[in-house]
Amino acid sequence: MSDPREEFLAGERPDDVALYFADSYVSDDRLEQFGDRVDDGVLIVVDGERGRNAFRAATGTGAMEFAKSAMNLEGDVDDDLAGGQCPEASDTEASDDDGHAVQFVFAFAEERNEDVGGIYAEGDVIHAYAQCTCGTAYSDRWNATDETDETDAIDR
């Protein structure tokens, strides 16, 4: 694998973090130098320290402080980290026209830990924290996918 995002989502970059910034949140073309253009934004995979610093610079909030606040509410962050579904949105409110769109995502991978149990015993875990345009912060987590055999990916 040579794609940093694929490696991250496969749990192969536990020392890195992934950051997604929607175009509507950050309008800085320089971000594309550090990441990949995705629909409606930029996704960056970078070493943990640089990523946390970049997150603070872009959002004005510490990454781990944001993650801690977002842990209190579960939602759905897209598997590619470039979007999600706000838990405060009704089923009919699924677009930014209704005030619910992901502004940014902070994510990290945690290596398999059988001692913890649950999904941690089943494989590497991706932790993702998102901020919605409505102001709601929420979290999601799932087992990393193995790019060589995605049929083994564990449903959330």
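Just so we're clear, the structure is a prediction, and the values are computed from it rather than from any experiment.

Asks: Even after reading the chapter, I still don't get the nonpolar core, so can you show me in this structure?
Replies: Here is a general trend for soluble globular proteins: nonpolar side chains tend to be buried in one another's company. Ranked by size, the top nonpolar core spans 24 residues in total, and within it Phe8, Tyr20, Val77, Leu81 and Val105 carry the most contacts. Core analysis: the second largest hydrophobic core is formed by 18 residues, Phe21, Val26, Val46 and Ala63 among them.

Asks: Help me understand the pattern of salt bridges in this model?
Replies: If the charged atoms of two oppositely charged side chains come close together, the side chains can form a pair. This model, assessed by the stated rule, comprises six salt bridges. Its salt-bridge partner being Asp23, residue Arg37 comes within 2.8 Å of it at the nearest N-O pair. One end of the pair, Arg37, is in strand 2 (residues 36–38); the other, Asp23, is in the loop between strand 1 (16–22) and strand 2, and 14 residues separate them in sequence. Residue classification places Arg37 among the partly exposed residues on the basis of a relative accessible area of 41%. Looking at Asp23, the relative accessible area reads 35%, which means it is partly exposed. Residues Glu114 and Arg112 are paired through a salt bridge, measuring 3.5 Å at the closest nitrogen-oxygen approach. Classification of Glu114 as exposed rests on a relative accessible area of 56%. The class of Arg112 is partly exposed, set by a relative accessible area of 46%.

Asks: I keep staring at unusual backbone geometry and nothing clicks. Help me out?
Replies: Note: most peptide bonds trans; most residues except glycine with negative phi. At Asp40, a position not held by glycine, the phi torsion is positive, near 65°. Mapped onto the elements of the fold, Asp40 is located in the loop between strand 2 and strand 3 (41–47). Unlike most non-glycine residues, Leu81 shows phi in positive territory, near 70°. Within the secondary structure, Leu81 is located in the loop between strand 4 (76–77) and strand 5 (84–85). By relative accessible area, Leu81 is classed as buried at 1%.

Asks: What exactly am I supposed to notice about helix 3 (residues 63–70) here?
Replies: The periodicity of an α-helix, 3.6 residues per turn, causes residues three or four positions apart to be oriented the same way. Three or more residues of helix 3 are buried, namely Ala63, Phe66, Ala67 and Ala70. Projected down its long axis, helix 3 shows its buried positions confined to an angular sector of 100°, all on one face. Where helix 3 is buried, its residues meet helix 2 (48–59), strand 6 (102–110), strand 7 (125–132) and strand 8 (137–143).

Asks: Is there a simple way to think about the packing of aromatic side chains in this case?
Replies: The geometry of an aromatic ring pair is captured by two quantities: the separation of the ring centres and the angle between the planes. Overall, the coordinates contain eight aromatic pairs when judged by the stated rule. Here Tyr25 and Phe104 contribute two aromatic rings whose centre-to-centre distance is 5.0 Å and whose plane-to-plane angle is 55°, an arrangement assigned as tilted. Of this pair, Tyr25 sits in the loop between strand 1 and strand 2 while Phe104 sits in strand 6, placing them 79 residues apart in sequence. Ring plane angle 25° and centroid distance 6.1 Å describe the contact between Phe108 and Tyr129, whose orientation is recorded as stacked. Here the residue Phe108 occupies a position in strand 6, and Tyr129 occupies one in strand 7, the gap between them amounting to 21 residues. Phe108 gets classed as buried once you look at its relative accessible area, which sits at 19%. Given a relative accessible area of 4%, Tyr129 falls into the buried group. One aromatic cluster in this structure is built from Tyr25, Phe55, Phe66, Phe104, Phe106, Phe108 and Tyr129.

What counts, and where the lines are drawn
Residues numbered from 1 in each chain as written. Predicted model: local features only at pLDDT ≥ 70, side-chain atom pairs only at ≥ 80, totals over all residues. Heavy atoms only, no water. Core = buried A, V, L, I, M, F, W, Y, C linked by side-chain atoms within 4.5 Å. Buried < 20%, exposed > 50% of the residue type's maximum accessible area, 1.4 Å probe, protein only. Salt bridge = Lys/Arg side-chain N within 4 Å of Asp/Glu carboxyl O. Helix = DSSP H or I, 4+ residues; strand = E, 2+ residues; numbered from the N terminus. Arc of directions from axis to C-beta. Contact = heavy atoms within 4.5 Å. Phe/Tyr/Trp six-rings, centres within 6.5 Å; stacked < 30°, edge-to-face > 60°.

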